[in-house]
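Structure at a glance
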Amino acid sequence: MKKRSLHWKEIMTTLFFFLSIHFVAMAQNVTVQGTVSDVKGEPLPGVSIILEGTTQGTITNFDGKYSIEVPSDAQLTFQFIGFNSQVIAVNGQTTINVTLEEDVVGIDEVVVVGYGTQRKEAVTGSVANMKGEEMRSVPAANVSQSLQGRVAGVQMAQTSSKPGSVMQIRIRGTRSLNADNDPLVVLDGIPFAGSIADINPSDIKSVDILKDASATAIYGSRGANGVILITTNKGYKGEKATVTYNGYYGMKSTIKYPMMNGDQLMKLRTAADIYGMGEDEAEGINTDWQDELYRSAAVTSHDIGVSGGSEKGNYSAGLGYYKDESPIPLQDYERISLRASLDQEIGKYFRVGLSTTNNYSTMNGANLGLYSTLSMSPLASPYNEDGTIDPVISMPLDNNWAYTEKTLNDLGDKYKNQTRALGTYNNVYGEVKIPGVEGLKYRMNLGLNLRLENYGNYRGQGIFTDQVDRVSEASISNSLKTNWAVENIITYDKTIGKHNFNVVALYSAEETMYTKSGSSAKDIPSDHFQFYNLNVAAGEKTLSDGDYYKSGLTSYMGRVMYAYDNKYMLSATVRTDGASVLASGHEWHTYPAVSAGWNIKNEPFMESITAIDMLKLRVGYGETSNQAIAPYATLGSLADRKYNFNDLYTTGYYVNQVPNDALGWEYSETWNYGADFTLLNGRLSGTLEYYITKTKDVLLEVNLPQTAGVDSYWANIGETQNKGFELSLNGTIIDNKNGWSWDAGFNLYANRNKLVKLDSGQKENTGQWWFVGEPIDVIYDYKREGLWQADDPYLDILEPGGDVGMIKVQYTGEYNADGTPVRAIGPDDQQVINIEPKFEGGFNTRVAYKNLDLTAVGAFRNGGTLISTLHSSSGYLNMLSGRRNNVDVDYWTESNTDARYPNPAAVRSGDNPKYGSTLGYFKSSYMKVRSITLGYNLSKSTLLKNSGISKLRVYATVTNPFVMFSPFKKATGLDPESNSYGNENAATTETYKKRLLTVGTNTPTTRNFLIGLNLTF
């Protein structure tokens, strides 16, 4: 028995020995080679191949080839952005070719919906998405400029043409009368406390825009005007370190304002017969003051990024530089940006991360305008007989400082206008999966934000004035804004058979503090001091009004998203906000939102309709609210008045705003109906939506009569309404046929805005240009019908003392039995003029042949009214008197009676023609190509195979190449987009309300010619 036992032990030992040799042999390393391609057979460069369980790996080259040494029993993971990953066992193979399929729920099919993501086909609210790469097809300084015309229902309107300026953003119209109408910006999950100009477009991975209340309700009162969710670039797990460079450089061609030349101004003076020649004017001189001023300007952008990841984490960092020069000397914008992010899993349950976005920007010469240049007489020369610059030019009634490129560049320390801003926006988070409950996790977000702004302005003695002995002046201001936000989020994801649940609960709190102070001084002893040491000033020193506030917001939120069998979707949200800026007892408001979706295509009765790939119907209802008024507005306010009392200089205070201890929330109710579809095997996709939003208890500053002794008070009075439709289409017209491909996108939208109710049952507030039943933004003025002609009847009745050739406006009064007007034209004939367009939208197209591609992006607008203060009486550039230079216009003469502009010798109102304001109204229709780009992809070039470069693309772009179908462009040669607020860039700034946008004497529009490079290695 003992011998048999020993015998079996010998046999087992021998067997184990041979098996061990066999498995050791199998575990020996082998070199695996192969090619990774897509389903069309095109090689995929840059695919990550990772050895499972390690951080070791490699990437494919330009031809999609790879080589890696691994154990013969290893498993390899093949990963590429936008494609499904594959895990393949080596099993001793030395050649493994892999075909990766595009992820049907890949980067194009996932949208950020606030505190999470969702597949597009499961979204029930109104959400628009744009990838950063698509957005950057239009080179721009900031996100607002990049998105213009790209998203249905999102209006980007230009408020300034100065370098670095941002656009006014309106999502589905204007809701509030006095409160803020700007959307909430969320950066990497945390509400953004800075300026949108602080975000570098090159750092953006995607932008998601929440438009209806069922989608925005999750952000509460801050989402009342829509939400823009910005996600920045991040690394990917298992990604080998990748370095990118994106840059461009371009020169600008300036589009000049259409002013008269010397001969034209002489003829105008003769026709007006008001002014003669000025001291510095002479016949035969023809100075183009714009040519004397404008310089050759450039724009440049450079961004470097690095990203990568391990099996448990990822990282990303980027550094950017941007500079935009204005055609006006000494005016430019410069920004340096730094971004970084880190995500790391710790063990099985924990995950932590951070993201930081920082920038330092400088704006120079922001107060340099064009009015003096445009109004300067072309009959005067900027040069003296000896060739030196004449600093002051004398015209018939005015003496102007001569703004030229030389005079500005020669100022040196005699002038400086500069705004410097530093912003840092940081988000730290920690996340833990709850053990024992699959799908349940807790996350805390902590946002810490700070923005500093320093402003200084210095003007030396006699600079920018005709008074050579006017003393120097300097001013400074400094502001600091801090913000912290804490969000506690519990998320539960669960799938039970065909039932999918996502539950989110949130508690958040945030606080914002702002301070500002400033001072000014006169008679600085030396230009070298500029604004850096006001204490040395020999003249008057003044402390300007400071500012301070602290506000807080506390919120609770719950959301449930449910889907059954990918057919039926339901989302319900309840949020409660408490805002410190509202009156005690009225700080809290609760609002619900619910939306539902039905994927009809997934029903059995739709299976036979092969032309439809996806068809989803959506309906949503939600409430949002707005508390965007200044802190302490409920408390009333005091104003100060300084005066002398005997020998004392003292300050008195008086009440200028009455408190309102019942001030509460302005809130909106929205219904949204939508349909999403994909047709023809994905060749055509689109969205159609209709919405109606009713805003009630509008936050309104109510003006009081002078007899009250107080100016105004804040109240919840009034109602507004917005309704409209949106259509978005994206299609593939040619899909890689013989090397050709063609993609196109189109969006169209219309919004109808209406003021439903004002305070105290009023039907109109003519002082604010608000009228019940009309849009919020209108003009209240006379309507121009043309010019009075010699054979027109009733000139003597309607315009006593009027002249043939003067402006003819519409008479709205009654008529006598014989058909004659009962009265003369007067203030009662002023009417409401609608400035809102009938519809607007945008388009984009990309045509490619092999490695060559051509892209165009544009926008269009139909209907509405454009205000040009250049042509209006408020601009004092169309006085038609010859006092100063005049806009080049076609005016009435006895031999030119069909002109648009009046007889210069006709009746006047002050310095301008009577009813001169009506000359500034034009139809605002246009179609504008914003950019055209021609690019060539060198990534597959044999010259780069061994260079380590995985992507190399060069391109040339022209921005603002041309405008079509624009009455304003045809009449003036100018860009039909606004460039100013209503109270800016005009000689008189009281004519139009600030909320109206105009074309004024701002920095001129340019056409830019760029060359750029995209590089990845």
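The structure displayed is predicted, hence computed values, not measured ones.

About the thresholds
Within every chain, residues take consecutive numbers counted from 1 along the sequence as written. For this predicted model, a pLDDT threshold of at least 70 governs which residues receive local features, and a threshold of 80 or more governs which side-chain atom pairs are given and counted, while totals over whole chains, interfaces and linings are taken from all residues. To get the side-chain values, all heavy atoms of the structure are used, and hydrogens and water are removed first. What counts as a helix is a DSSP run of H or I of at least four residues, what counts as a strand is a run of E of at least two, and both are numbered from the N terminus. In this description the radius of gyration comes from C-alpha coordinates, and the expected globular size is given by 2.2 Å times residues to the power 0.38. Whether a residue is buried, partly exposed or exposed follows from its accessible area with a 1.4 Å probe, protein chains only, as a fraction of its type maximum: under 20%, in between, or over 50%, in that order. Patch construction takes residues with relative accessible area above 30% that form no salt bridge. Like charges are linked within 9 Å, and nonpolar side chains (Val, Leu, Ile, Met, Phe, Trp, Tyr) are linked within 5 Å. Residue burial considers only the protein chains on display, and all accessible areas are found by Shrake-Rupley using a 1.4 Å probe. Definition used for salt bridges: Asp or Glu carboxyl oxygen within 4 Å of a side-chain nitrogen of Lys or Arg. Pairing between strands requires that DSSP locate at least two bridges from one strand to the other. UniProt positions are given in the numbering used here, feature names are shortened, and annotations may be inferred rather than shown by experiment. For cavity detection a 1 Å grid was placed over the protein atoms alone, and a set of points counts as a cavity when a 1.4 Å probe fits there but cannot get out; an open set counts as a pocket when protein lies on both sides within 12 Å along at least five of seven lines, with lining residues being those that have an atom within 4 Å of a point. Grid points are joined across faces, edges and corners, and a volume is the space filled by probe spheres set on the points. Each residue gets one label: Ala, Val, Leu, Ile, Met, Phe, Trp, Tyr, Cys and Pro are nonpolar, Asp, Glu, Lys and Arg are charged, and the others, such as Gly, are polar. Residues belong to one nonpolar core when they are buried, are Ala, Val, Leu, Ile, Met, Phe, Trp, Tyr or Cys, and are joined through side-chain atoms within 4.5 Å. Contacts are assigned to residue pairs that have any heavy atoms within 4.5 Å of one another. To obtain the arc, one takes the directions from the helix axis to the C-beta atoms. Think of a polar contact as two N or O atoms within 3.5 Å of one another; within protein, one of them needs to be a possible hydrogen donor and the other a possible acceptor, and neighboring residues in sequence only count if both atoms come from side chains. Here the aromatic set is Phe, Tyr and Trp, taking the six-membered ring for Trp, and pairing holds for ring centres within 6.5 Å; pairs whose planes are under 30 degrees apart are stacked, those over 60 apart are edge-to-face, and all others are tilted. A ring is scored as having a charge over it whenever the NZ atom of a lysine or the CZ atom of an arginine sits within 6 Å of its centre and within 35 degrees of its normal.

Helices and strands together make up the secondary structure of the protein, namely ten helices and 57 strands. Its C-alpha atoms give the protein a radius of gyration of 34 Å, within 12% of the compact-globule value 31 Å for 1017 residues. Along the first, second and third principal axes, the C-alpha atoms of the protein reach 140 × 70 × 70 Å. Here the protein, with 1017 residues, has 50% of them falling under the buried criterion.

Taken together, Leu319, Ile336, Leu338, Tyr360, Leu422 and Leu452 make up a surface patch of nonpolar side chains, about 510 Å² in accessible area. Mapping Leu452 onto the fold places it in strand S25 (residues 440–459).

If you trace the four strands from one edge of the open sheet to the other, you get S52-S49-S56-S55, paired in mixed fashion. Only two strands of the sheet have a single neighbouring strand rather than two, namely strand S52 (921–923) and strand S55 (980–981). Note that S55 and strand S56 (residues 997–999) share two bridges and pair antiparallel. For Ser980, the partnering residue across the bridge sits in S56 and is Thr998.

An order of S10-S15-S16-S13-S14 is seen for the five strands of this open sheet, with the pairing classed as mixed. At either margin of the open sheet sits one strand with a lone partner, and together these are strand S10 (127–131) and strand S14 (190–191). In this structure, strand S13 (residues 184–187) lies alongside strand S16 (residues 227–232), joined through four bridges in parallel fashion. Bridging from a neighbouring strand, Val185 pairs with Ile228 of S16.

Here, the residues flagged by UniProt with the feature "domain: TonB-dependent receptor plug" (unreviewed entry) are residues 120–227. Measuring from the first to the last C-alpha atom of residues 120–227 gives 17 Å, for a span that is 12% helix and 27% strand.

This part takes up empty space enclosed by the protein. Counted according to the given criterion, the structure contains nine cavities of 30 Å³ or more. Put simply, the parts of the chain that give the lining of the largest cavity at least two residues each are strand S11 (154–158), strand S12 (167–171), strand S40 (740–757), strand S47 (839–849), strand S48 (852–862) and strand S49 (865–868). Considering every element that reaches the lining of the largest cavity, the biggest residue donor is S11, with five residues. Across the lining of the largest cavity, the residue classes break down as 18 nonpolar, 14 polar and nine charged. Taken together, 34 residues line the second largest cavity, and the ones lying closest to its centre are Gln145, Gln158, Asn960, Thr1006 and Asn1008.

What follows is about unusual backbone geometry. Even without glycine at this site, Asp188 takes up a positive phi of about 50°. Note on placement: Asp188 falls in the loop between S13 and S14. In this structure, Asp565 is a non-glycine residue whose phi angle is positive, near 55°. On the accessibility criterion, Asp565 (24% relative accessible area) is partly exposed.

With that settled, the discussion passes to the nonpolar core. Among the nonpolar cores identified, the biggest contains 48 residues, and Leu408 and Leu870 are the most heavily contacted of them. Counting residues per element, the ones that place at least two in this core are helix H5 (262–272), helix H7 (371–375), helix H9 (795–798) and strand S45 (807–809). When residues no more than four places from it in sequence are discounted, the contact partners of Leu870 are Tyr257, Leu374, Leu877, Asn878, Val887, Leu974, Val999, Gly1000 and Thr1001. Met167, Leu187, Phe192 and Ile209 belong to the second-largest nonpolar core, a separate cluster that totals 22 residues.

Looking at the secondary structure, you find Val907 in the loop between S49 and strand S50 (908–909). For Val907 and Gly805, which are 102 residues apart along the polypeptide, the C-alpha to C-alpha distance reads 9.2 Å. Those residues in contact with Val907, other than ones at most four positions away along the chain, are Gly801, Gly802, Asp803, Met806, Pro913 and Lys914.

The complete set of buried residues in H5 reads Gly262, Leu265, Leu268, Arg269 and Ala272. Along H5, the residues classed as buried sweep out an arc of 120° about the axis, all on the same side. Turned more than 90 degrees off the buried face of H5, the exposed positions are Asp263, Lys267 and Thr270. Among the residues of H5, the N-terminal cap falls to Asn261, whose side-chain oxygen and the backbone nitrogen of Asp263 are separated by 3.2 Å. Phi turns positive one or two residues past the end of H5, at Asp273, with a value near 55°.

Mapped onto the secondary structure, Asp829 falls in the loop between S45 and strand S46 (831–834). Asp829 sits in the buried class, given a relative accessible area of 0%. For Asp829, the side chain forms a polar contact with the side chain of Arg823, separated by 2.8 Å.

A few words on the packing of aromatic side chains. On inspection of all chains with the given rule, the structure shows 26 aromatic pairs. When the centroid spacing of 6.4 Å and the interplanar angle of 75° are considered together, the rings of Tyr921 and Tyr992 count as edge-to-face. Here Tyr992 lies in the loop between S55 and S56 and Tyr921 lies in strand S52, a separation of 71 residues in the sequence. With respect to class, Tyr921 is no different from Tyr992; both count as buried. It is Arg443 that lies over the ring of Tyr429; its NZ or CZ is 3.8 Å from the centre. Directly above the ring of Trp769 sits Lys993, whose terminal nitrogen or CZ lies 5.5 Å from the centroid.

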